[in-house]
Amino acid sequence: MSSSVELSSSDDSSDEEIVLEIIMRLPKPRVVRERYNPLNNFDDHEFKCRFRLSKQTFLILLHMIEDEIMHQTCCNNAISPVNQLLVALRYYATGAFQEVMGDLIHIHKSTVCRIIKRVSVAIAKLRHHFIKMPTSQNEQHAIQLGFYRMRGFPTVIGAIDCSHVRIQSPNSDIGEQFRNRKGYFSINVQAVCTSNLVITNLVARWPGSVHDSTIFDNSMLRAQFENNEFGKCVLLGDGGYPCRSYLLTPLLNPRSESERRYQKAQIGTRNVIERLFGIWKRRFPVLAIGLRTKEDTTMATIVATAVLHNLLIQENDVMPPEDIVDDQELFQEITTLPIARQNEVGNAVRTNLINTVFHI
């Protein structure tokens, strides 16, 4: 009798161990954590400091891209367009690692990677609405007037220059093409801006080793000027560009008083592009810290931040006071680039301008 009781007890214990082992092998139950929403937890100033734009501008941007980034499903607790945009903006504002970004609203770093690409592409698609050269005479005249009021330089519709955006080393055979003259990997970004720092043209696809003048020579912008689409309007560039009839550069050795006046006006007017790069990278530090994403995502991110820059100017969404760049830190009268080959027609146009407009 006792032996049968002991056998029954042993069987019960064995069954419990089997059940316990089965339970231990079962997958962990999925836990859906409540997502943090900074839109409701920060006031407007705190929100702007963290995401680089006001709540009002955020809602305007969200309305523009909401349909593009919304998941077409209600399953699996899909991340809302609001949270997707917040993640991307926080990435632009910090350049932090994706795992750190995921901690913001409790999502995995792989999801952050997909969100950054998804949102950046959606914002970059708005470039035709926000980044465009002036085509009508009224638009061109307004931009020319803005430049003329700066230093008295006539017929200018844009200042042009390039800036390097740091990236991680591309894992491919062409990786060394992205190493620039300063020794780090980058994309050389060409931009044209107006006197009020609006970006009107952007090229963000060339490796860091490519010279500024090469990017311009292979751009659609040069073809438009060659086809006389902008009439007698001109661009202002530094010594790294060749002097042309539509692209005026500084003199190598100004001698006469007229040449010195031209030089001062040209450099002072062109300085807006240096200010643009400083403000652009200061507002979106990911451009200064460096991008650690794939090439297509990196290029989309650069264009997206340029679109955001123009949107913020359009909405008069000014930077926080602590992020305003000092103009004196950005003003450089001597270019570090080698002087490019000059063009006879460009020299003639420049000389005529010196002898007429800047002549004493």
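Residues numbered from 1 in each chain as written. Predicted model: local features only at pLDDT ≥ 70, side-chain atom pairs only at ≥ 80, totals over all residues. Heavy atoms only, no water.

An unreviewed UniProt entry lists the protein under the name DDE Tnp4 domain-containing protein, from Macrosiphum euphorbiae. Within the UniProt record for the protein, the comment given under Cofactor (unreviewed entry) is "a divalent metal cation". What the UniProt record of the protein gives under Subcellular location (unreviewed entry) is the line "Nucleus". (UniProt positions renumbered as here; feature names shortened; annotations may be inferred.)

Novice: Could you give me a rundown of the pairing of strand 3 (residues 199-207), with the residues and numbers involved?
Specialist: A large share of strand 3 lies buried, amounting to eight of its nine residues. Pairing of strand 2 (residues 186-193) with strand 3 involves six bridges; the strand directions are antiparallel. By the bridge assignment for strand 3, V192 is matched with N201. In this structure, the hairpin formed by strand 2 and strand 3 is closed by a connection of five residues, where L197 is found at a positive phi of approximately 70°. (Buried < 20%, exposed > 50% of the residue type's maximum accessible area, 1.4 Å probe, protein only. Helix = DSSP H or I, 4+ residues; strand = E, 2+ residues; numbered from the N terminus. Pairing = 2+ DSSP bridges.)

Novice: Could you give an account of the packing of helix 9 (residues 137-151) against helix 12 (residues 257-283), naming the residues involved and the relevant values?
Specialist: Contact geometry of helix 9 with helix 12 gives a least axis separation of 9 Å together with a crossing angle of 125°. When the axes of helix 9 and helix 12 are compared, the pair comes out oblique. As for the relative orientation of helix 9 and helix 12, their crossing is right-handed in sense. Along its contact with helix 9, which presents F147, M150 and R151, the element helix 12 presents K264, A265, G268, T269 and V272. Of the residues belonging to the contact of helix 9 with helix 12, the class tally is four nonpolar, two polar and two charged. (Axes fitted to C-alpha atoms, helices over the stretch in contact; angles between N-to-C directions. Parallel < 35°, antiparallel > 145°, perpendicular 65-115°, else oblique. Left-handed = near helix turned anticlockwise from the far one by under 90°. Contact = heavy atoms within 4.5 Å. Nonpolar A, V, L, I, M, F, W, Y, C, P; charged D, E, K, R; others polar.)

Novice: Lay out the packing of helix 4 (residues 55-69) against helix 7 (residues 109-124) in plain terms, naming residues and giving numbers.
Specialist: Between helix 4 and helix 7, whose axes approach to 10 Å, the crossing angle comes to 120°. Considered as vectors, helix 4 and helix 7 are oriented oblique to each other. The handedness of the crossing between helix 4 and helix 7 comes out as right-handed. For the pair helix 4 and helix 7, contact is made by L61, I65, E68 and I69 and by R118, V119, A122 and I123, respectively. For the contact of helix 4 with helix 7, the residue count by class is six nonpolar, no polar and two charged.

Novice: Now, about the pattern of salt bridges: what can you tell me, with residues and values included?
Specialist: The full count for this structure, using the stated rule, is ten salt bridges. Among the ionic pairs, E68 bridges to K125, the shortest N-O distance being 2.7 Å. One end of the pair, E68, is in helix 4; the other, K125, is in the loop between helix 7 and helix 8 (127-130), with 57 residues separating them in the sequence. Here R283 and D317 are joined by a salt bridge, their closest N and O atoms 3.8 Å apart. With R283 in helix 12 and D317 in the loop between helix 14 (295-314) and helix 15 (327-330), this pair connects stretches of sequence that are 34 residues apart. By relative accessible area, R283 is classed as buried at 7%. Its relative accessible area of 5% is what places D317 among the buried residues. Salt bridges here are not isolated pairs; linked through shared partners, they connect D217, R222, E226 and R244. (Salt bridge = Lys/Arg side-chain N within 4 Å of Asp/Glu carboxyl O.)

Novice: Explain the sheet that holds strand 1 (residues 156-166) residue by residue, including any values.
Specialist: Here five strands make up an open sheet; going across it, the order is 3-2-1-4-5 and the pairing mixed. The strands lining the two open edges of the sheet, one partner per strand, are strand 3 and strand 5 (247-248). Seen against the sheet, helix 9 touches strand 1 and strand 2 and runs at an angle of roughly 75° to strand 1. Packed on one face of the sheet, helix 14 meets strand 1, strand 2 and strand 3 and runs near 165° to strand 3.

Novice: So what's going on with the packing of aromatic side chains? Which residues, and what values?
Specialist: By the definition in use, this model includes eleven aromatic pairs. With a centroid separation of 6.2 Å and 55° between ring planes, the pair formed by Y91 and Y92 is classed as tilted. In this pair, the class of Y91 matches that of Y92, namely buried. On the numbers, 5.6 Å between centres and 55° between planes, the contact of F153 with Y262 is tilted. Here Y262 lies in helix 12 and F153 lies in the loop between helix 9 and strand 1, a separation of 109 residues in the sequence. Residue F153 is classed as buried on the basis of its relative accessible area of 0%. (Phe/Tyr/Trp six-rings, centres within 6.5 Å; stacked < 30°, edge-to-face > 60°.)

Novice: Tell me about the environment of M101, residues and numbers included.
Specialist: One can find M101 in helix 6 (residues 98-105). For M101, a relative accessible area of 3% corresponds to the buried category. Sequence separation between M101 and C113 is twelve residues; the distance between their C-alpha atoms is 9.5 Å. Once residues lying within four places of it in the same chain are set aside, the contact partners of M101 are V87, R90, Y91, T94, A96 and V112.

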